[in-house]
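# Understanding the architecture of this molecule
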Amino acid sequence: RRVGVLISGSGTNLQALIDATQDRTQHIGAEIVLVISNKPDVEGLRRAQKAGIKTKVIKHVDFPNRETFDQAMDAELEAAGVEIICLAGFMRILSEPFVKKWRGAIINVHPALLPSFKGAHAHKDALAAGVRVTGCTVHFVEVDIDSGAIIEQEVVPVLHNDTVEILQERVKVAEHRAFPRALRRLATGEIRLNENGILEWNH
Ligand code: GRF
């Protein structure tokens, strides 16, 4: 399956997806054909270029609203023949028409064990709550943010002297395993999202 990855930053999750899809022994059943970033000059773009993957910068600030920004991304994804979209540290909320169009074919990685700690400050919120474990979640994207059906999770311990930065690094190691696993399940047809938003297993 042809995959498009949306990023906004360092792209370590993108790198994990590149490594997994280019490793034929993993049988991911997917090839990354396009990487779109809403920010220019980010490390993730360099990672894609190094891997020989087409990149496109589409700056959200160049558009009057979310819908027109999303339409520009949609046009590039369609032109590249993309069938599955991975959000890998993409820090923009997607509009309802875009999410509805791609429903069942967009997945996101979130740095907490959903449904706990939704939103953009998951590590700060986990530390403030004093939880002893957190982790990561790969899930289908729905209009409601961080709420779609869960595909993969991994648990990560929280240590007593953790900072946001230290915890983030530990959780990322788990994300880099969970995201390629989730992509494989979707790309090979092992799972799908049904009409009611429930995960269905194909065996
Ligand atoms: C990850 O922790 C992801 O869960 C969050 O943003 C971070 C992106 O990191 N949404 P990277 O760009 O993949 O390194």
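Reference entry: report on the structure contained in this document. Because the structure is predicted, anything quoted here is derived from the model rather than measured.

On to the site of the ligand. Every residue lining the ligand is accounted for by S10, G11, T12, N13, G89, V109, H110, P111, K172 and E175. Here an oxygen atom of the ligand and a backbone polar atom of G11 are 2.8 Å apart. N13 places a polar main-chain atom, nitrogen or oxygen, 2.8 Å from an oxygen atom of the ligand. Protein chains shield 88% of the accessible area of the ligand, which is 370 Å² for the free molecule. Elements represented by at least two residues in the shell around the ligand include exactly helix 1 (12-22), strand 5 (106-110) and helix 6 (164-187). Among the residues making up the shell around the ligand, the classes are represented as two nonpolar, six polar and two charged.

Right, let's talk about the pairing of strand 6 (residues 133-140) for a bit. Sheet faces and side chains relate simply in a regular strand, where the side chains alternate between the two faces. Among the eight residues that make up strand 6, seven are buried, leaving the element largely enclosed by the rest of the structure. Note that strand 6 and strand 7 (residues 150-157) share seven bridges and pair antiparallel. In the sheet register, V138 faces strand 7, and the bridge partner there is E152.

A side chain of one charge can pair with a side chain of the opposite charge when the charged atoms of the two come close. Using the criterion set out here, one finds 16 salt bridges in the structure. For D74, the salt bridge goes to K101, with nearest N and O atoms at 2.9 Å. One end of the pair, D74, is in helix 3 (residues 66-79); the other, K101, is in helix 4 (residues 96-102), with 27 residues separating them in the sequence. In this structure K101 comes out as partly exposed when scored by relative accessible area, which is 45%. A salt bridge links R192 to E200, with the shortest nitrogen-to-oxygen separation between them at 3.2 Å. Look at R192 and you get partly exposed, because its relative accessible area is 40%.

Moving on, we get to the sheet that holds strand 3 (residues 55-57). Reading across the sheet, the seven strands line up as 3-2-1-4-5-6-7 and stay open at both edges, with mixed pairing between neighbours. In this open sheet, the two edge strands, each paired with only one partner strand, are strand 3 and strand 7. Averaged over all neighbouring strand pairs, the angle between strand axes comes to 20 degrees, with direction disregarded. As defined by bridge partners, strand 1 (residues 2-7) adjoins strand 2 (residues 31-37) across six bridges and the pair is classed as parallel. Note on strand 2: the bridge partner recorded for I7 is S37. Helix 2 (residues 43-50) contacts strand 1, strand 2 and strand 3 of the sheet and is inclined by roughly 155 degrees relative to strand 3. Against the sheet, helix 6 makes contact with strand 1, strand 4 (84-87), strand 5, strand 6 and strand 7, and its axis sits at roughly 160 degrees relative to strand 7, the strand it touches most.

Cut-offs used in this document
Residues numbered from 1 in each chain as written. Predicted model: local features only at pLDDT ≥ 70, side-chain atom pairs only at ≥ 80, totals over all residues. Heavy atoms only, no water. Near = heavy atom within 4 Å. Polar contact = N/O pair within 3.5 Å; in protein donor to acceptor, adjacent residues only side chain to side chain. Areas by Shrake-Rupley, 256 points an atom, 1.4 Å probe, with all protein chains shown as cover. Helix = DSSP H or I, 4+ residues; strand = E, 2+ residues; numbered from the N terminus. Nonpolar A, V, L, I, M, F, W, Y, C, P; charged D, E, K, R; others polar. Buried < 20%, exposed > 50% of the residue type's maximum accessible area, 1.4 Å probe, protein only. Pairing = 2+ DSSP bridges. Salt bridge = Lys/Arg side-chain N within 4 Å of Asp/Glu carboxyl O. Axes fitted to C-alpha atoms, helices over the stretch in contact; angles between N-to-C directions. Contact = heavy atoms within 4.5 Å.

On their own, these measurements won't tell you what the molecule is for.
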